[in-house]
Structure formats: structure tokens, C-alpha cells
Amino acid sequence: MPELPEVEHVRQSLEVLLKGQTVERVEVRLARIIRYPDVAEFCERMAGKRVQRVGRRGKYLLIEWDDDEVLVSHLRMEGRYGIAESGTPVEPHTHVIFYLKNGQELRYRDVRQFGTMDLVKQNELSRLEGLYTLGPEPLEDGFHANYLLQAIKGRKAPIKAVLLDQRVIAGLGNIYVDEALFRAGVHPERLAGKLVRKEVARLVDLIREVIGEAVEAGGSSVKSYVNGFGEPGNFQTSLRVYGRAGEPCLQCGKAIVKGRVAGRGTHVCLHCQPAPRGAAIRGRGLKR
DNA sequence: CAGGGCGTCCGGCTGC
DNA sequence: TGCAGCCGGACGCCCT
């Protein structure tokens, strides 16, 4: 599940692989991946484009072309890009192939078929719902204690659900929300609006910390995630609760528990993250 | 009405 | 060995 650190890792690899490359033509093998425009127009408009730079906003990749258009690509669960020499066998679940002028192919694979691509003009980016409603980047200045405090004020949803909301903060997903809440010592079912200022400030710091470290490490390779070079990330070995159900907490030794919050698998140390009244995840026989 | 929550899309994988 | 059911990011819709 690529989240901000993994998408950033992909962005960096694509920037190197694609800088200055020209697209000769595009083959769309699964139409549902292309949200806008329709496949025929998409292919027509893509032909002849040259890569200017590769950007990122939240979990969105922004491949910017020399003609002022942008390919907005979201990997969702398992989308990935790879470079292949022309004529080499096309891997299963390859849905879009960009034939480059230098003989290489940029291939988009996606087992779940959840990923999306939109091709728009720079000045049309504001039309893309999920993109323009994005909250601040966790590593940029707009994300600070006062902002988060304001954003979660009065909200009755569990803090985990709020942090997963891309309109509140861009780029967090299930893994890094669990990790940040663990580091902050906040149980994921705590009601967001009831966190006190000190806790919110601490949460902001630790979100920045874990995201920063994960970006540095090239992301976490769970579910066989790799960047455009086929390289995995290294952060999975630094995850403290995610995927560690039943294993001892690295801080206190108590077993990590897995439950469900906001419809997501959720990992908690009940000693380091005390459960609030009425929490579903509170110990008794719940684990795994 | 705001806001929380759940169904939907998919197929590899788990577990019975 | 076979297969129903689980899982999840974002979004649409339903319910309170």
C-alpha cells in the first residue's frame, strides 16, 4: 500500500528514469485505469509528450509534460511503475504501456486495478476532486499543532479515522497512522476532538518524525512494493506495531494487539496506548 | 444538515 | 484439494 514515503520513493525513481524522455505512443490495456479523458483521447494527447519533471502531492504522482499537461497517477493499493526494454515479455497485470522514443517502455502494473490516471492541463488540476481537497503535506510548514488542533476540533470520529482522511492531512495511510499513534502513545480509538493540545502537538511531531524517517529509508516494502527501479524500501524493519500482532512491544514488552478501527486493521500496544472507555480494542483475548 | 460509517471496486491469499 | 471470504484507498451513498 503505497503511502507518502513509498510514492515519494517512486517519484524520485521516475524523475531519474524519465527526465527528458519522450513518449512515442501509449497502449491502454485496461480502460478503467484511465479516468479522464476517454482512452482514445488519452492516447492521442499522450503521443509526442516529453517529460518535464515528476512531482508528488499526497499519494498522487504528478508527471508533468513539456506542453503544460500533467498526468495525475494514483497507485491506490498495488499500482507500480517499471521500466523495461522493448520486446521483453510483458508482466501480468500490466494495464498501461508508455512506449518511449529511446526504445524503453514505462509499464504500469496493478493487480487490484484500483489505480487511476487523469490527464489534465496544469490549470485544470483544481478540477480533480481528491487532489485539490488534499490537506497539508506532513513535512511542510502548513502542518503544525495549531492547524491539526483546528482541523480536529469537535470531531467525534476516532483519531485514526481523522488521520486517514486525506483532507485533514495528505499522504498518511494505514501503516503510518498506526506507527505515528504508537509513537505518540495515543490509542487509535480516542475521539479526535478530545485530544488535548499537548497530545496534538506531540502527534504532529511524531507524524513528521515517522514520515521523515520512512522517506529517508525509501518507504516500507510490505506487499512487495518496489519503486521504478524495482528496488524495495527499507523501512519495514523499522515498523514498531504494524504487522507485529502478537509480538512484544519494543518499548514495554507487552504483546501488540490487532483489532479494527475505522474499518481498518489496527495495531496497538495497550500498555503504551491506553484504551479509552468503550474502546473495542482493549486486551481481553483480542489479538492477531 | 453535518458528519460518521459502510458498500463498492478487484484478485491474491488465508483458513476452514 | 477446493473455495468462500477477507482486505484495503478513495469515493458515493445512506443513516443518524
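What you are looking at is a predicted structure, and each value in this text was computed from that prediction instead of being measured. (Residues numbered from 1 in each chain as written. Chains lettered and ligands numbered in written order. Predicted model: local features only at pLDDT ≥ 70, side-chain atom pairs only at ≥ 80, totals over all residues. Heavy atoms only, no water.)

Right, let's talk about the protein's contact with DNA strand B for a bit. Around DNA strand B, the neighbouring residues are Arg32, His93, Val111, Arg112, Gln113, Phe114, Arg155, Lys156, Ala157 and Pro158. In this structure, a phosphate oxygen belonging to DNA strand B sits 3.2 Å away from a side-chain N or O atom of His93. Within the side chain of Gln113, an N or O atom sits 3.0 Å from a phosphate oxygen of DNA strand B. (Near = heavy atom within 4 Å. Polar contact = N/O pair within 3.5 Å; in protein donor to acceptor, adjacent residues only side chain to side chain.)

A word on the sheet that holds strand S5 (residues 69-74). An order of S2-S9-S5-S4-S3 is seen for the five strands of this open sheet, with the pairing classed as mixed. The sheet terminates laterally at strand S2 (34-36) and strand S3 (51-57), the two strands that pair on one side only. Neighbour-to-neighbour, the strand axes of this sheet turn through a mean angle of 25°, independent of strand direction. As defined by bridge partners, S5 adjoins strand S9 (residues 116-121) across six bridges and the pair is classed as antiparallel. (Pairing = 2+ DSSP bridges. Helix = DSSP H or I, 4+ residues; strand = E, 2+ residues; numbered from the N terminus. Axes fitted to C-alpha atoms, helices over the stretch in contact; angles between N-to-C directions.)

So, on to the layout of surface pockets. Once rolled over the atoms, a probe with the size of a water molecule shows which space is left empty. The computed volume of the largest pocket comes to approximately 650 Å³. What lines the largest pocket is a set of 26 residues, and nearest its centre among them are Lys59, Met77, Gln166, Gly173 and Arg264. Residue assignment for the lining of the largest pocket shows that the elements contributing at least two residues are helix H3 (129-132), strand S10 (257-261) and strand S11 (264-268). Broken down by element, the residue count for the lining of the largest pocket peaks at three residues, all from S11. Of the residues in the lining of the largest pocket, the class split is nine nonpolar, nine polar and eight charged. Looking at which domains feed residues into the lining of the largest pocket, each of domain 1 (4-127) and domain 2 (145-268) gives three or more. (1 Å grid on protein atoms, 1.4 Å probe; cavity = no way out; pocket = protein on both sides within 12 Å on 5 of 7 lines; lining within 4 Å. Points joined across faces, edges and corners; volume = space filled by probe spheres on them. Nonpolar A, V, L, I, M, F, W, Y, C, P; charged D, E, K, R; others polar. Domains from an automatic or database assignment.)

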